[in-house]
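Structural characterization, general
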Amino acid sequence: MDIGLLVFLPVLGAIASLLSRLNRPGPDHVQRHALTALIAPAICLLLLLSYLPRIQSGEALVYSISWVPEIGLGVAFRLDGLSWLFATLITGIGCLIILYARYYFAGKDSAGRFFVLIQLFMTAMLGIVLSENLLFMLVFWELTSLVSFLLIGFTWSSRNARRGARMSLVITGGGGLALLGGILLLGQIVGSYQISDVLAATDAIVRDDRYPLTLSLILLGAFTKSAQAPFHLWLPHAMAAPTPVSAYLHSATMVKAGLFLMARLHPAMGDTELWFSLITITGMVTLMVGAFVAMFMHDIKGLLAYSTISHLGLITLLIGMGSEMAMAAALFHLTVHALFKAPLFMMAGIVDQATGSRDMRNINGLWRTMPALMLITAIPAAAMAGLPLMSGYLSKKMLFSESLLVTAPHWANTLIPAWVTVAGLFSVAYSVRIFHNVFFNGAPVDLPHWPPRKKPAGMLVPLCILAAASLMMGLAPQATYDGVVHLAVMATSMTHLPLYDFSALSEARVPAMMSMTAMVGGVVFYLARGPLFAIHRQLPEVDAKNIFEQIMQQCIRFAQSLVYRLENGSLQRYLAFILVAAIAPALWMLGGYTGWQGPSALTEVNPMVVFGAVILCLSAIGVALFHHQRLPALLLLSVTGLFVTLAFAQFSAPDLALTQLSVEVMAVVIMMLALSFLPQTSPRESGAGRIVRDLGLAGLAGTGVALFAFAVLTRPAETISGYFLANSVSGGGGTNVVNVILVDFRGFDTLGEITVLGIAAVAVFAFTRDLHLKERVAHAGTAKGFAEPHPVILQMVSRMALPIALLVSAFIFLRGHNMPGGGFIAGLVTAVALTLQYMAGGLVWAQERMLTHFRPLIGAGLLIATATGLGSWVVGYPFLTSAFSHMDWPLIGEFELATALLFDLGVYTTVVGATLLILANLGKLMTVAGPGQEVG
Amino acid sequence: MNHLMIMPIVIPLLTGAFLLVMYRYNIGRQRSLSIGSTLLLVVFAVWALLQAGVTDYTLYRLGNWQPPFGIVLVLDRLTAIMLLLTALLSLFCVLYASRGSDREGSHFHALLQFQLMGINGAFLTGDLFNLFVFFEVLLIASYALLLHGGGRARSRAGLHYVVINLAGSALFLLALGILYGLTGTLNMADLARVIASAPEADLPLLKAASLLLMVVFGIKAALLPLLFWLPRAYSAASAPVAALFAIMTKVGFYAMVRVFLVVFGLDEGSPANESVLAWLWPMALVTLALGGIGVLGAASLRTLTAYMVIVSVGILLAVVSRNDEQLLAASLFYLLHSTCLTAVFFLLADLIGRYRDNGYDRFSVISPLSHRWILGTVFLVAAVSMASLPPFSGFVSKAWILQSSSPLPDYLWLWASILISGLLIIAALSRAGSGWFWRPEELAVKAAPALDGARTATVCVMIAISFSLALFAQPVMDYLEAAAHLVYQPSGYVEAVLGDYVSQSREVTE
Amino acid sequence: MELVVAITLGVLTSTGVYLILRARTFSVVLGLTLLSHGVNLFLFSMGRLTTASPAVIGLVESYTDPLPQALVLTAIVISFSMTAFVVVLALKAAVELRSDHVDGEDPNEDRQ
């Protein structure tokens, strides 16, 4: 498990740095921060070195524990040649970067933050290269994108930094999602995410018909990460990050993750036509674009960024070729590049800090003031140019010789060599340029700081080490290759291939000539740069960042306009949508349905029913027709309600009739009150088209309902109701089956129903609390209706009526269980009676005489009902089980005293409380009693 | 007969009613009562989780009447999961609200308790009409909570929300009527039994009724084209209410699962639910797409979150419509994740808004922001989890969904829309975050109020839950798979609920 | 007679639907009320329609189906609560949005 330690050590380091930053922040502790930050990476490096012998013996160390086996996600680590090479580069260069940063951030407040993030990044990077489980690797893959986002935005006060960060996150993040898709597909094909299993399943993968999709998705991830054209655009803008970040993430390590992935999966997915063409072509394009654009960059970091892109393209190209030798070349060059590009970036950082500029048009002739830097930089620059004896020379030559061996597709065998030679030419040119421009090429032109600030010598140490390493690779290629790279190559090609023979390489003719051409051409090209720059200046300036931002803006604007057009805040439209959504599927379902009329015969028409129906229809249509005249419409509506009541009465539902009647009264009263605050007419604002549309919808809806009703009515009924009729008396203790169902069989429904009523009332109370209606009342001009608010006669009548009404409601309540009636109706009757008091006496008058407030009444009702239900627990029965006993009452006669009666009492109380609370608060609005004053 | 089972309904009812009786209680007492009752809910939800783990179906016959005649509550694993999720979510909402949002109007806590009663009832009931009643309970409570705090935006959004849902309720009653008229029963299990053996001639009518139900539940779950009420309603609601509403769309989802997979899914030969699922699939995908677009186009963090709710609904319904056991389990995991995270973001929007000098949570407004580091970090972590980047629950859940969908036909549609929506969320959140926490203009912080520890802690704990969901994913997944497995055993459900009634015919009882 | 009932229900529904699609809150309220009338009657008729046989044991010899009646009673109460609520809400909205249009004066103002 100590490989896991390898990965998570830097996290501990990060935490340590965080703490040390928290307890002593500020610029003057950079030294301490740097040392704290150095511990973890250093240990990692030592651990890795200790592993070298076992790696050299060719074994792959694998440790894994399961995390989420369900989705094949496991905590698994793998250390073989390939991952060892990468891990060593990551930790080694990491240490040097931290050393460098110690000076770079000297006197900066943000130093601590940098050291925290850089170690987090190290964890992420080590996680990628050391994961055995591909899903697990993805965890770290996304983490690198995230940390890179934070590091690019490190100096977040700058707009460029913010935009660059966003751009890189969106591109690499998107790539990450594609990679997720690809890896999941791969896992589906192989049946496991363990790299060992994947590498063992080559044939299955390549043969599977999902292979092209899988490969493309995975490559999408790799290309976005490794800045392959056309996704390379984010990399130059990542240069907004501090130089150590650019040196580490954006040249040495993170951008290599994609290459690592390709190399890792090459044995499993490589050696196919698709692999070759996809990767090779991308590599070639990237190689050329990068090299060409780099030539014309004036910003040192910009030039280095594009040269990085082109080198990444070069390596990609080699991986695409896929032969063992090509792989060897690829990994060799990858190492070489890491070793020479990092110091060049460090140089850029030093120059930047010393002179305050990175523009090569101003920075010239630094050799006088910075000779040491010049000497050290000479080596990596030469390596980048690929001068003889330099590591770059060898890797280029390897590339050239490989390019000659490619014969597979006919177009490749001549094109690739020519292509790479030209690209080599450019790379020579820009290498010469960066070195010559910065250190020679006449005198500096108005630099911010001149003479340049002195930078501490220690800042050069990491450069020296890297330069030395690069030099060594050039001088003793065979040794370094055999020692390190070869192991990695073997890991990428499952076969035990022979070592790469550099002596043979040095004999090779054609490659030598090719690199000669590149060198000479490059120098010539550089000498002739004047006119070329002149031409280039004519070309339009394109800033990828702005293009990206514009695209983003476009998308956002599109999104906004679309959302606005759909979700435009028009209730009418939403309702229309819903109706269509309800009608269309039903229409589709029952389009050709013929079985509407069921088996049972139609009953003969009853003239009285027809009469009622006609009135009902007419009144309803009337409401629709005259809804602009609100009061008449409301009156017509009450007619409708009345006839609905009659319909209930006609079809043997006395309880419903009573309920509907009392509810109708209440509803109309409420609407009347409301109407007194609203305009008395509705304007005619719907256009003809709208009306036609609505009529259409209404017609369809109506037809649908009618058809359904007809269909059901003409079918025989087979229901569970027999049970209720059978058990109502024996089990429920009541002869009025409807009421027994309400308070017993389905008492739970009733409990919910009164809760709804109660909540509605409380809600009305809550949101009318601070509602100002004064101006409304004035303007509605209907105050006249209340000119003489409390007519005396009404007062007399209502007060006399009250006791009678209460008696009636008591009667209705008590007989409810056996005869039509019950708590709800009784409650409404009581409420009506009390409302009359309000109407007559006025709010204040009534409020004073009310025994209690209404909200507690509602609460009490609910409590009574619930308590009744809970009561049955005492005798060990479930909630709402009823019990009853017969007894004889005077006047009312023999009836059962059932727990259901208690339940009904709860209903009654709630109904009274709720109804009165609503009416009282509605009434409150029209009294002068100002807002805020609570009623009920 | 285990009485604990009805607690999730009775406790909030009693608390709410008691708070009404004691309407003069000062806010402090209201809070402690409300928090106490919610804590109890968590306890009983945990009990339910264990109970359901032991016995597949636990029944509670209200009034001691034999189903299908009386109303019966059914507790299985799916129910238990939803109960626990609701309880935890509401606990955090109550805690957050108790920092002051509950003062903006009257009776916040009573209404919230009633809301919980409605939600829990909807999860527990085994009776279709009773489901309607509980829908109404949770709706009327949600109307009130949505209006909590007052203001023009809330009034408008509230009016739309209410009217649309009233239309929905009317539809629900229609569908119920048709079902009763044709089957003569209301108990879900009994309905399933009768529908499975319905005469050929009635089948189209029954399917049409199920399509009506799809619309009803689609309004609750916010399925295109029924979702347009959602963005404004959710972004207008006060933060804790919006966070609680994160569970509301899931109620619609749950109802769909129950009704379409159990009630209409019994007949293995030709289940009556294909037509619904056939409609659901494309609509859900379009919902998902619209959600993604909305996320990109949102003008404030609350609106953005509202659209993330829509995205999650799209994913959930698309997944359910594939009608696959494994996928259902995966979708349940995603449900846990998305509910938790959308709630987090509603609270976060409020939290950040409080510390910006002006503009609250609008993106267009540039304004000084205090406590940049803490808030920024919290936002970053939440965003990472919401964008379903590893190592949070979002990553695990999406990986699971994608994996288990890949064997099915046209899975690529699902993959594409899920991955692309993920990218859109990343883009939107990175814009929001960098715009807020990385702006030099916002360096100038005036006299900053101290950071509200309790509110921040609440949010952090919720994020931590999402993280531990990923950390201990395996046991959770096992439970969810068992739950999904039960859902796909409708016959077992019917057996368990109706018991011996199935064998004896109706006439006997008459 | 089934036909008569069916048509009546259809008319009630259509008028209700037409009215909820109107632009003023009051019309919408009217529409919702009509709609609930229609729906309640529909649900009621689902128990088939019989005359003069109320489900009161011992009152008559043949009983109608009592269950839909119970359901409709619940539905009536709920729709009453909802109507009351929505009426007052419409009032509140009309005051605060300075218009009784269902979208208020400017539906998009709470976007900015």
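Computed from a predicted model, the values in this text were never measured in an experiment. (Residues numbered from 1 in each chain as written. Chains lettered and ligands numbered in written order. Predicted model: local features only at pLDDT ≥ 70, side-chain atom pairs only at ≥ 80, totals over all residues. Heavy atoms only, no water.)

**Side note on the overall build of chain A**
Assigned secondary structure in chain A consists of 38 helices and 4 strands. The C-alpha atoms of chain A give 43 Å as radius of gyration, which overshoots the globular expectation for 936 residues (30 Å, by more than 25%). Taken over the C-alpha atoms alone, chain A extends approximately 125 × 65 × 60 Å along its principal axes. Counting every position in chain A, which comprises 936 residues, the buried fraction comes to 61%. Nonlocal contacts in chain A, meaning residues at least 24 apart in sequence, comprise 79% of its contacts between residues at least 6 apart. Of the accessible surface of chain A, which amounts to about 33,000 Å², a share of 71% is contributed by carbon and sulfur atoms. (Helix = DSSP H or I, 4+ residues; strand = E, 2+ residues; numbered from the N terminus. Rg over C-alpha atoms; globule rule 2.2 N^0.38 Å. Buried < 20%, exposed > 50% of the residue type's maximum accessible area, 1.4 Å probe, protein only. Contact = heavy atoms within 4.5 Å. Areas by Shrake-Rupley, 256 points an atom, 1.4 Å probe, with all protein chains shown as cover.)

**A word on the overall build of chain C**
Along the backbone of chain C there are 3 helices and 0 strands. Mapped from its N terminus to its C terminus, chain C presents α and β elements in the order α-α-α. Dimensions of chain C along its principal axes, counting C-alpha atoms only, are 65 × 25 × 20 Å. Scored against the burial criterion, the 112 residues of chain C give a buried share of 82%. Put simply, of all contacts in chain C between residues at least 6 apart along the chain, 47% involve residues at least 24 apart. About 2,500 Å² of surface is accessible on chain C, with carbon and sulfur atoms providing 60% of the total. One finds the centroid of the 6 positive side-chain charges in chain C at a distance of 5 Å from the centroid of its 10 negative side-chain charges. (Lys, Arg positive; Asp, Glu negative; His and termini not counted. Charge placed at Lys NZ, Arg CZ, Asp CG, Glu CD.)

**Describing the pairing of strand β2 (residues 73-79) of chain A**
Residues and elements named next belong to chain A. Of all 7 residues in β2, 7 are buried, a share of seventy percent or more. Relative to β2, strand β1 (residues 61-68) is paired through 7 bridges, and the arrangement is antiparallel. Counterpart to S66 in the pairing with β2 is G74. (Pairing = 2+ DSSP bridges.)

**Some words on the interface of chain B and chain C**
The interface of chain B with chain C comprises 30 residues on the first partner and 38 residues on the second. Regarding the contact of chain B and chain C, the summed buried area is about 3,100 Å², with carbon and sulfur atoms giving 71% of it. Summed over the shared surface of chain B and chain C, the result is 0 salt bridges. Only α5 (128-147) and α6 (152-183) of chain B provide two or more residues apiece to the side of chain B that touches chain C. The element best represented in the side of chain B that touches chain C is α6 of chain B, accounting for 17 residues. Tallied by class, residues from the side of chain B that touches chain C come to 19 nonpolar, 6 polar and 5 charged. (Buried area = accessible area lost by both parts, 1.4 Å probe. Salt bridge = Lys/Arg side-chain N within 4 Å of Asp/Glu carboxyl O. Nonpolar A, V, L, I, M, F, W, Y, C, P; charged D, E, K, R; others polar.)

**Remarks on the confidence of the model for chain A**
All names here are of chain A. With 93% of its residues at a pLDDT of 70 or more, chain A shows a mean pLDDT of 88. For chain A, the element scoring lowest by mean pLDDT is helix α33 (residues 774-780), at 48; helix α9 (residues 211-225) scores highest, at 96. Note that residues 777-788 has pLDDT below 50 and, in this model, 10 contacts with residues that lie over four places away or in other chains. (pLDDT = per-residue confidence, 0-100.)

**So, the pattern of salt bridges**
In this structure the tally under the stated criterion is 31 salt bridges over all chains. In this structure, R193 of chain B and D190 of chain B form a salt bridge, with 2.7 Å as the shortest nitrogen-oxygen distance. One end of the pair is R193 of chain B and the other is D190 of chain B, both in helix α7 (residues 188-196) and 3 residues apart, which spans about a single turn. With a relative accessible area of 24%, R193 of chain B lands in the partly exposed category. Look at the salt bridges and you will find they share partners, linking R78, D80, E132 and R264 of chain A into a network.

**Thoughts on the interface of chain A and chain B**
Accessible area lost when the parts come together is the quantity often used to give the size of an interface. Contacts between the two partners involve 110 residues from chain A, matched on the other side by 123 residues from chain B. A per-residue breakdown of the area chain A buries against chain B is headed by W156, I720 and F748 of chain A, which together make up 7% of the total. Counting every contact that joins chain A to chain B gives 4 salt bridges. Linking E549 of chain A and R431 of chain B is a salt bridge whose minimum nitrogen-to-oxygen distance equals 3.7 Å. Applying the counting criterion to the chain A and chain B interface returns 25 residue pairs in polar contact (both at pLDDT 80 or more). Top contributing element to the side of chain A that touches chain B by residue count: helix α32 (residues 747-767) of chain A, with 14 residues. Grouping the amino acids of the side of chain A that touches chain B by side-chain chemistry returns 72 nonpolar, 22 polar and 16 charged. (Polar contact = N/O pair within 3.5 Å; in protein donor to acceptor, adjacent residues only side chain to side chain.)

**Some remarks on the side chain of E567 of chain A**
As for its position among the elements, E567 of chain A is in the loop between α24 (544-566) and α25 (571-590). The exposure class assigned to E567 of chain A is buried, which follows from its relative accessible area of 2%. Of the polar contacts made by the side chain of E567 of chain A, one reaches the side chain of R232 of chain B; its length is 2.9 Å.

**Overview of a nonpolar patch on the surface**
Taken together, the side chains of L12, I15, L18, L19 and L22 of chain A define a hydrophobic patch exposed on the protein surface, amounting to about 480 Å² of accessible area. Checked against the element boundaries, L18 of chain A lands in helix α1 (residues 2-23). (Patch = residues over 30% accessible without salt bridge, like charges linked within 9 Å, V, L, I, M, F, W, Y side chains within 5 Å.)

**Some remarks on the packing of helix α15 (residues 372-386) of chain B against helix α18 (residues 453-471) of chain B**
All names here are of chain B. Remark: α15 packs on α18, axes separated minimally by 11 Å, with the N-to-C direction vectors making an angle of 30°. Considering the angle they form, α15 stands roughly parallel to α18. You can see that α15 and α18 cross each other, and the crossing is left-handed. Taken together, the residues of α18 that come into contact with α15 (itself represented by I374, V378, V381, A382 and S385) are T456, V459, C460, I463 and S466. Of the residues assigned to the contact of α15 with α18, the class counts are 7 nonpolar, 3 polar and no charged. (Axes fitted to C-alpha atoms, helices over the stretch in contact; angles between N-to-C directions. Parallel < 35°, antiparallel > 145°, perpendicular 65-115°, else oblique. Left-handed = near helix turned anticlockwise from the far one by under 90°.)

**Considerations on the environment of A624 of chain A**
Within the fold, A624 of chain A resides in helix α26 (residues 607-625). By relative accessible area, which is 11% here, A624 of chain A ends up buried. Sequence spacing of A624 of chain A and A42 of chain A is 582 residues, and the spatial spacing of their C-alpha atoms is 83 Å. Not counting chain neighbours up to four residues away, the residues in contact with A624 of chain A comprise T15, Y18 and L19 of chain C.

**Details of unusual backbone geometry**
Cis geometry is adopted by the peptide bond preceding P451 of chain A, which originates at W450 of chain A and carries an omega value of 0°. Counting through the fold element by element, P451 of chain A comes out in the loop between α18 (412-439) and α19 (461-475). Put simply, P390 of chain B and P391 of chain B share a cis peptide bond, and its omega is 0°. Among the structural elements, P391 of chain B can be located in the loop between α15 and α16 (393-405). A positive phi is found at L389 of chain A, a non-glycine position, where the angle reads about 70°. Its place among the elements puts L389 of chain A in the loop between α16 (371-385) and α17 (391-405). Positive phi is not limited to glycine here, since N64 of chain B has a value of about 60°.

**Looking at the state of the cysteines**
Under the defined criterion, the tally for this structure stands at 0 disulfides over all chains. Free cysteine C460 of chain B: the closest other cysteine sulfur is in C340 of chain B, separated by 12 Å. (Disulfide = S-S within 2.5 Å.)

**Some thoughts on the packing of aromatic side chains**
Applying the stated criterion across every chain yields a total of 67 aromatic pairs over all chains. Ring pairs connect the aromatic residues F767 of chain A, Y143, Y161, W229, Y234, F245 and F346 of chain B together with F85 of chain C, which therefore count as one cluster. Over the ring of F765 of chain A we find R855 of chain A; its NZ or CZ atom is 3.9 Å from the centre of that ring. The side chain of R77 of chain B reaches across the aromatic face of Y479 of chain B, ending 5.9 Å from its centre. (Phe/Tyr/Trp six-rings, centres within 6.5 Å; stacked < 30°, edge-to-face > 60°. Lys NZ or Arg CZ within 6 Å of the ring centre and 35° of its normal.)

**Digging into the nonpolar core**
Membership of the largest hydrophobic core comes to 610 residues, with the highest contact counts inside it found for F748 of chain A together with F217 of chain B. If we skip the residues at most four places from it in the chain, F217 of chain B touches L131, F135, F172, G252, A255, M256, V259 and F260 of chain B. (Core = buried A, V, L, I, M, F, W, Y, C linked by side-chain atoms within 4.5 Å.)

**Quick look at the environment of L498 of chain B**
Residue placement: L498 of chain B occurs in helix α20 (residues 490-498). Residues L498 of chain B and V378 of chain B, 120 residues apart in the sequence, show an inter-C-alpha distance of 50 Å.

**Quick word on the packing of α25 of chain A against helix α8 (residues 203-221) of chain B**
Between α25 of chain A and α8 of chain B, the shortest axis-to-axis distance is 9 Å and the interhelical angle comes to 160°. In terms of orientation, α25 of chain A and α8 of chain B fall into the roughly antiparallel class. Considering only the axes of α25 of chain A and α8 of chain B, their crossing is right-handed. Counting all contacts with α25 of chain A, which are made through I578, A581, A582, P585, A586, W588, M589 and L590 of chain A, the residues of α8 of chain B involved are P204, L205, K207, A208, L211, L212, V215 and I219 of chain B. Each residue belonging to the contact of α25 of chain A with α8 of chain B can be placed in one class, and the counts come to 15 nonpolar, no polar and 1 charged.

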